[in-house]
Amino acid sequence: MSNMIREPRILYPTANRSVPPGAKGELGGISRRPPRRHLAAAYLATACLASLSLLTVACGDPEVEVPEHTAIDLLAQFEHADVQRSTEEIDLGTAAARRYQVSGWADVHRQLDGEDRVATWTMGDRAELDFFVSRPVDLQLSWRCAPVEAHGTRSMALSLNGSALAEVDLGGGLREYSQDLPADRLRRGWNRLLVEHQGSGQRGIKKDTRVLWDWVRFRPSTQEPPAGPLPKPVVRSEGGTLFVPFGSRIDYYLDLPARSVLVVDQVRSRGDAKGRLAVEWQPRDETVEGRHLTDLSASPKFALPLNGDSPIAGRLSLFAESPANPRDQAMGILIHRPRVSAAEEDAPAASAGPGASQATTDGTPADGDTGAPTDRQRPNILVYLVDTLRADHLGCYGYERPTSPRLDAFAEEAMLFENSQAQTPWTRASVASMLTGMWPQSHGTNGDDDALSEEAVTLAESLGAVGYRTVAITGNGNAARVAGFAQGFDYFKYLRNLRPDDPLATSADLNEAVFAWLDDNAEQQQPFLLWVHTIDPHAPYDPPEPFRSTFAAQVVDPQLGSIATIQKLNGQKESVSPQIIADLRALYDAEIAANDASFGALLDDLERRGLYEDLVVVFLSDHGEEFYDHGGWTHGKTLHSEMLDTPLLFRLPGATGGQRSTNIVQHVDLMPTLLEVAGAPRPEAVQGRSFLPLVLAPQAAQWVDQGMGFLDLRGRRGHSFIDGQWKLIQYEAAEVEGFPELYDRRQDRLETTNLAPMEPEQARFLAALRRRLEARLEAGLGPAMVDQAERAKVEAELRALGYIQ
């Protein structure tokens, strides 16, 4: 069944400004917008218009077939949309300025003398600033700044959207400056201002600060300063209406099913000023033709085809335009029942992405009710967690040094996941996600004083309920009873070293504790979950022999790997040298090799006992470690690959070994996977996906390659999101997200080149996907508070690991 709606004609297209050569996408690059000769022709003829980014409309009034099925309700999706309005002022010393600061801006601020204002600096020779223009008109750019005299900065060159604009001489002290921005140099949408500093580049100055900036303003040249801020778009759910104030653009980042049609029941202006609605569809793949239609307010009801026979992702924008710049909050465009329709068979099924409910390999829910194994059939499970282990320092992940011969051999009988992702870059929050299958935003165990809520249902509790003996032996005080992680374990042992000068237990020490438990329980017939958490690679880096001599013989200073030295390097970056980085990496490698030997010894012992053949083995890490990869040390500070790219190897008896998967799996996926293996019910709160289908039938498994990271620790807060080859990182300050970082992981696995300035649309698309996923998460458990008596029991160990100074 379908309805027939007449498609409106294009009465006049909106002139898209040309893009300078060498610019890309919306903010620079090879322009995919129509050349001016096409625009001129469009004004002369209102029919038969064809161009790269404008919808082709044939002569006459063609009928559009509109499916009755609503695939996407744009009113319901409004809370996930981005709202763009003309940028009028950027207060550069505030957190709110971060979203505009593309590159070259300091992350520190300075209180202005005698003023209740805070300013910031530009760093180095150039800085970039984005600003949004709803309707290109002549603007006056004004700003207040002061050159840093020590650098000899005397002038600055301004460029707009890739072409030179002006050179400005700078006086001494804080002064106001201005420059005209002609309308024909501006684009409707995002624009980019480049500031290049002319100065001596004097060396010997600790921080390369060039100019101190207070604010930047963009005001129409022929208009009085605004009386107040622009109104915000709103949704009137009771009337099914979206109100878009003039000068605003609403951006929806969507995954469209095949043959999608944008349908609106009514469009009309509100208020005295007359305006028009413009619709733009820009596919995420910019090589695919986009569509742009204006003056839809001339048609009370319209339908706009968006794509062809294939699903596609992209940005759908609704733009309320007015010839004037009205300030009356009642003026704008009313859009009644905006939606995307598609044939029901084309509409996407429930997402198989992160957080989606999963099924077992035979199609039945992973609830343990159908075909669940008996106690004798349920396999023993070993989870071997090595703290602070980054994947790229292991031989089976391509490392050139022989740090992991036992793990490399184990990989020949397991599935190795090349793109395994940690949820967060520190132990407590990471282990909480493993034990609950919940995102850090949901389990809430993210800070030093947070413990896992008793309301959480853990892996140990779920397996214990179907007859497992649950055992945990850990050497990390951050993953002990103090964190609430003993919940559900029949036997939970936090092992400390009895040597007074070194309270930290080694992997060899943990092996002895495991052997003792196995000896004491040799006659038991119940299946067991054995959770072993070692900490050898964690700082301090003090490897035992013979591993120190094998991997770090060149390291002379016995204190180089100490917590005190690492903390000193964090505070004195000028003392960092390539040799120090290499030496610390060598000590770290030696620690990995020592832990690898212990892992092999444990597998040998299990085989000797006759427990290995039918044993499910998971080898993984909670997070990685940084060695100045992005200007820092240890972990818990960033969301880059050295933090979140962690090893995951999964051995399932009877499955083909030696396989490698490029699919993205995450810590939240561990619990649902092991529950499916054991035939145990899956708690409703679990948000991860079972990756068992990837192990049993990797070619046939349906899997969406997305991953999400989160950080909320000691004043640092940020988000990361991976979708296929792309990774986005955004940090927050004062609850405001900064300008994003974007990396192409296929070409840049170490995340050294931020592509967000060149690929802004890609960055915005990933940010929208991440927000949409986070919005689907449960409100969360709320963490329990750390028991101070329990904290006192592990204080020495936490101090030795550097968590307490």
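Since this is a predicted model, take the numbers as computed values, not measurements. (Residues numbered from 1 in each chain as written. Predicted model: local features only at pLDDT ≥ 70, side-chain atom pairs only at ≥ 80, totals over all residues. Heavy atoms only, no water.)

## Observations concerning the overall build of the chain
The number of helices and strands found in the chain is 15 helices and 43 strands. Counting every position in the chain, which comprises 805 residues, the buried fraction comes to 58%. Sequence-distant contacts, at least 24 apart, represent 77% of the contacts inside the chain between residues at least 6 apart. For the chain, the accessible surface area stands at approximately 32900 Å², while carbon and sulfur atoms represent 48% of it. (Helix = DSSP H or I, 4+ residues; strand = E, 2+ residues; numbered from the N terminus. Buried < 20%, exposed > 50% of the residue type's maximum accessible area, 1.4 Å probe, protein only. Contact = heavy atoms within 4.5 Å. Areas by Shrake-Rupley, 256 points an atom, 1.4 Å probe, with all protein chains shown as cover.)

## Notes on the packing of aromatic side chains
Scanning the entire structure with this criterion turns up 19 aromatic pairs. In this structure an aromatic cluster arises from ring pairing among Y100, F132, W190 and F319. The cationic tip of R217 hangs over the ring face of W215; the distance from NZ or CZ to the ring centre is 3.7 Å. Between R714 and the ring centre of W426, over which it is positioned, the NZ or CZ distance is 5.4 Å. (Phe/Tyr/Trp six-rings, centres within 6.5 Å; stacked < 30°, edge-to-face > 60°. Lys NZ or Arg CZ within 6 Å of the ring centre and 35° of its normal.)

## Concerning the environment of L587
As for its placement among the helices and strands, L587 is situated in helix α9 (residues 578-608). On the basis of relative accessible area, L587 is assigned to the buried category, the value being 1%. Along the primary structure L587 and P543 are separated by 44 residues, whereas in three dimensions their C-alpha atoms are 6.6 Å apart. Among all residues touching L587, those that are not within four sequence positions of it are Y541, P543, R548, A552, V555, L560 and G561.

## Some details on the side chain of E761
For E761, the position within the fold is in helix α13 (residues 760-776). Residue class for E761 comes out buried when judged on its relative accessible area of 10%. One polar contact links E761 to R315, side chain to side chain, over a distance of 2.6 Å. (Polar contact = N/O pair within 3.5 Å; in protein donor to acceptor, adjacent residues only side chain to side chain.)

## Notes on the sheet that holds strand β23 (residues 302-305)
Pairing is antiparallel across the open sheet formed by 4 strands, whose spatial order is β3-β26-β19-β23. One side of each edge strand has no neighbouring strand; the edge strands of this open sheet are β3 (70-73) and β23. Between one strand and the next, the sheet's axes are offset by a mean angle of 25°, whatever the strand orientation. Relative to strand β26 (residues 339-341), β3 is paired through 3 bridges, and the arrangement is antiparallel. (Pairing = 2+ DSSP bridges. Axes fitted to C-alpha atoms, helices over the stretch in contact; angles between N-to-C directions.)

## Details of the sheet that holds strand β21 (residues 276-283)
Ordered by their spatial adjacency, 5 strands build an open sheet running β4-β18-β24-β21-β22, and the pairing between neighbours is antiparallel. Taken across any chain shown, the strands that pair with only one partner, and hence form the sheet edges, are β4 (82-85) and β22 (291-293). Neighbour-to-neighbour, the strand axes of this sheet turn through a mean angle of 15°, independent of strand direction. Pairing between β21 and β22: 3 bridges, direction antiparallel. Looking across to β22, one finds that E280 is bridged to H292. Relative to strand β18 (residues 248-256), α13 is tilted by about 75°, and along the sheet it contacts β4, β18 and β24 (312-321).

## Some points on unusual backbone geometry
Backbone torsion omega between A539 and P540 reads 5°, so that peptide bond is classified as cis. Looking at where P540 falls in the secondary structure, it is placed in the loop between β32 (528-534) and α7 (547-552). P546 follows E545 through a cis peptide bond whose omega is 5°. Inspection of the secondary structure assignment puts P546 in the loop between β32 and α7. Of note, N161 is a non-glycine position whose phi angle comes to about 50°, a positive value. Within the secondary structure layout, N161 lies in the loop between β11 (155-160) and β12 (163-169). Take N161: its relative accessible area is 4%, and that puts it in the buried class.

## Describing the nonpolar core
In this structure, L382, F410, F619 and L649 are the most contacted members of the largest nonpolar core, which totals 52 residues. Listing elements by their share of this core, those giving two or more residues are β27 (381-386), α2 (405-411), β30 (469-474), α6 (507-520), β32, α8 (563-571), α9 and β33 (616-621). Per-element tally for this core: the top contributor is α9, with 10 residues. Residues in contact with L649, not counting those within four places in the same chain, are Y397, L407, F410, A411, A414, M415, L416, V617, V618 and F619. With 51 residues, the next largest nonpolar core counts F417, Y494, V616 and V618 among its residues. (Core = buried A, V, L, I, M, F, W, Y, C linked by side-chain atoms within 4.5 Å.)

## Comments concerning the packing of α6 against α9
For the pair α6 and α9, interaxial distance at closest approach is 9 Å and the crossing angle is 15°. On the basis of their axis angle, the class for α6 and α9 is roughly parallel. Considering how the two elements wind past one another, α6 and α9 form a crossing that is right-handed. The segment α6 lies against α9, with S507, A508, N511, V514, F515 and L518 engaging A594, N595, S598, A601, L602, D605 and L606. (Parallel < 35°, antiparallel > 145°, perpendicular 65-115°, else oblique. Left-handed = near helix turned anticlockwise from the far one by under 90°.)

## Examining α8
Where α8 is concerned, the buried positions are I563, T565, I566 and L569. Looking down the long axis of α8, one finds its buried residues gathered within 165° of arc, a one-sided arrangement. Facing away from the buried side of α8, by more than 90 degrees, are the exposed residues A564 and G571. (Arc of directions from axis to C-beta.)

## Considerations on the confidence of the model for the chain
Taken over all residues, the pLDDT of the chain has a mean of 82, while the share at 70 or more is 79%. For the stretch residues 1-61, pLDDT sits under 50, and the model shows 150 contacts to residues farther than four places along the chain or on other chains. In the predicted structure, residues 356-371 sits below a pLDDT of 50 and forms 29 contacts with residues beyond four places in sequence or in another chain. (pLDDT = per-residue confidence, 0-100.)

## With respect to the layout of surface pockets
Reported here for the largest pocket is a volume of approximately 1600 Å³. What lines the largest pocket is a set of 41 residues, and nearest its centre among them are R98, W105, D107, Y731 and E741. Breaking the lining of the largest pocket down by element, the ones donating at least two residues are β6 (101-103), β7 (105-111), α8, β39 (716-723) and β40 (726-733). Among the residues forming the lining of the largest pocket, the class breakdown is 12 nonpolar, 17 polar and 12 charged. (1 Å grid on protein atoms, 1.4 Å probe; cavity = no way out; pocket = protein on both sides within 12 Å on 5 of 7 lines; lining within 4 Å. Points joined across faces, edges and corners; volume = space filled by probe spheres on them. Nonpolar A, V, L, I, M, F, W, Y, C, P; charged D, E, K, R; others polar.)

## Focus on the side chain of S598
As for its position among the elements, S598 is in helix α9. With near-sequence residues (within four places) excluded, S598 lies in contact with Y384, S507, A508 and N511.

## As for the pattern of salt bridges
Two side chains with opposite charge may pair up if their charged atoms get near one another. According to the stated counting rule, one finds 42 salt bridges in the structure shown. The closest approach of N and O atoms between D519 and R609, which form a salt bridge, is 2.9 Å. Here R609 lies in the loop between α9 and β33 and D519 lies in helix α6, a separation of 90 residues in the sequence. The exposure class assigned to D519 is partly exposed, which follows from its relative accessible area of 49%. Judged by relative accessible area, R609 falls into the partly exposed class, the value being 24%. E751 is paired through a salt bridge with R745; the nearest N and O atoms lie 3.2 Å apart. Overall, E751 belongs to the buried group, its relative accessible area being 0%. (Salt bridge = Lys/Arg side-chain N within 4 Å of Asp/Glu carboxyl O.)

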